[in-house]
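Residues per chain, in single letters:
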Amino acid sequence: MFFRVIATILIASLAACVAPIGDGTEFSGGNTARIYWIAPSDTSRIQFSMLDSINSLRIANGISPLSLNPQLNAAAATHSRDMAAQNRAWHFGSDGSSPLDRVSRVGYEGELLGETISETFESELETLAAWMDGTPTRGVIMNPKNRHIGFSWFQEESGKIWWTLVSGTDETF
């Protein structure tokens, strides 16, 4: 009986080391380190969660809502992966490409209005909150000229996520 009690305590202790909370987030090491894991099946959910959140912010500020653009999503995905390969968050690709080059390469016919990037272990909504706290990144998201966004990421095996949001318009002003 004594060994059964000890075994039960050990198993319970080990199970507590990594306990998923249902949204892809895990708490590890006694709830001190947080890792937000993204499954491949989460792509649409995360992109539409970001779109809905941005549109809520825009509408609350009297600004027209946006739509996801598949070409801008592709440009964002390419840049997220490239930032991870370079191991730095910046707006230039490993081939020297700029955001303008990347949206042109994917065939986006509108005008690029901005790019916002991040290197973090945080979720998309935590990342959006951080972007909204910064004047330049908030300006990209809340630009009234925006009509489309592309949003994507690349997650490393360590859990680090490289987020990219690209905005554009097909209207002339």
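Residues numbered from 1 in each chain as written. Predicted model: local features only at pLDDT ≥ 70, side-chain atom pairs only at ≥ 80, totals over all residues. Heavy atoms only, no water.

I tried to follow the pairing of strand β6 (residues 148-155) on my own but got confused; where do I start?
Regular strands place side chains that alternate from one sheet face to the opposite one. Most of β6 sits out of view: seven of its eight residues are buried. Here β6 pairs with strand β7 (residues 161-169) via eight bridges, running antiparallel. Among the inter-strand pairings, isoleucine 149 is bridged to a residue of β7, identified as serine 167. Hairpin connection of β6 to β7: five residues between the antiparallel strands, including glycine 159 at a positive phi of 105°. (Buried < 20%, exposed > 50% of the residue type's maximum accessible area, 1.4 Å probe, protein only. Helix = DSSP H or I, 4+ residues; strand = E, 2+ residues; numbered from the N terminus. Pairing = 2+ DSSP bridges.)

Looking at this structure, I do not really get unusual backbone geometry. What am I missing?
Excluding glycine, a negative phi dihedral is what most residues carry, and trans is how most peptide bonds are arranged. The backbone phi angle of asparagine 87 is positive, close to 55°, even though this residue is not glycine. Tracing the sequence through the fold places asparagine 87 in the loop between α3 (70-86) and α4 (99-105).

Just checking my understanding: could you explain the packing of aromatic side chains for this structure?
When we look at a pair of aromatic rings, we describe it by the centre distance and by the angle of the planes. As enumerated under the stated definition, the model contains five aromatic pairs in all. Judged by centre distance (5.8 Å) and plane angle (50°), the rings of phenylalanine 151 and tryptophan 153 are tilted. We note that phenylalanine 151, like tryptophan 153, is buried. A ring pair is formed by phenylalanine 151 and tryptophan 163, whose centres lie 5.4 Å apart and whose planes are at 10°; its orientation type is stacked. Remark: tryptophan 163 occurs in strand β7 and phenylalanine 151 occurs in strand β6; sequence separation between them is twelve residues. Pair check on accessibility: phenylalanine 151 and tryptophan 163 agree, each one buried. The ring centre of tryptophan 90 lies 3.7 Å from the NZ or CZ of arginine 88, which sits over that ring. (Phe/Tyr/Trp six-rings, centres within 6.5 Å; stacked < 30°, edge-to-face > 60°. Lys NZ or Arg CZ within 6 Å of the ring centre and 35° of its normal.)

What am I meant to see in the sheet that holds β7 here?
Sheets are built from strands that pair by backbone hydrogen bonding, the pairs being arranged parallel or antiparallel. Strand order across the open sheet formed by four strands is β4-β6-β7-β5, with mixed pairing between neighbours. Only two strands of the sheet have a single partner each, and these edge strands are β4 (67-68) and β5 (111-120). Alignment of β4 against β6, held across two bridges, turns out to be parallel. Following the sheet pairing, leucine 68 is matched in β6 by isoleucine 149. Its contacts with the sheet place helix α2 (residues 43-60) against β4, β6 and β7, and it is angled at close to 135° to β6. Contacts between α3 and the sheet are confined to β4, β5, β6 and β7, with β6 contributing the most and set at about 30° to the helix. (Contact = heavy atoms within 4.5 Å. Axes fitted to C-alpha atoms, helices over the stretch in contact; angles between N-to-C directions.)

What is the right way to look at the nonpolar core in this model?
The nonpolar side chains of soluble globular proteins are, as a tendency, buried together. Judged by nonpolar contacts, the single largest core of 21 residues is most densely connected at Ile54, Ile141, Phe151, Trp163 and Leu165. Contributions of two or more residues to this core are made by α2, α5 (124-133), α6 (135-142), β6 and β7. When residues in this core are grouped by element, the largest group, four residues, is from α2. Those residues in contact with phenylalanine 151 that lie beyond four places of it in its chain are Ile46, Gln47, Met50, Asn73, Ala76, Glu124, Trp131, Trp163, Thr164 and Leu165. With seven residues, the next largest nonpolar core counts Leu72, Ala76, Val103 and Val166 among its residues. (Core = buried A, V, L, I, M, F, W, Y, C linked by side-chain atoms within 4.5 Å.)

Would you explain α6 in this entry?
Residues spaced three or four apart along an α-helix point in a common direction, a consequence of the helix completing one turn every 3.6 residues. Listed in full, the buried residues belonging to α6 are Val140, Ile141 and Met142. Looking at the buried positions of α6, the neighbouring elements they touch are α2, β5, α5 and β7.

Hey, could you run me through the packing of α2 against α5 in this one?
Between two packed helices, the angle of one axis relative to the other and the distance separating the axes together describe the packing. Two numbers describe how α2 lies on α5: the axes approach to 10 Å, and their chain directions differ by 35°. For the element pair α2 and α5, the recorded crossing hand is right-handed. Across from Arg45, Ile46, Ser49, Met50, Ser53, Ile54 and Leu57 in α2, the residues of α5 making contact are Glu124, Leu125, Leu128, Trp131 and Met132. (Left-handed = near helix turned anticlockwise from the far one by under 90°.)

Sorry, what's going on with α3 here?
In a regular helix each residue adds 1.5 Å, so 17 residues correspond to 24 Å; α3 covers 24 Å between its end C-alpha atoms and thus fits that length. Turning to α3, its buried residues are Leu72, Asn73, Ala75, Ala76, His79, Ser80, Asp82, Met83, Ala84 and Gln86. Those residues of α3 that are buried are in contact with α2, β4, α4, β5, β6 and β7. With a side-chain oxygen positioned 2.9 Å from the backbone nitrogen of glutamine 71, the residue opening α3 is asparagine 69. (Expected span 1.5 Å × (residues − 1). Polar contact = N/O pair within 3.5 Å; in protein donor to acceptor, adjacent residues only side chain to side chain.)

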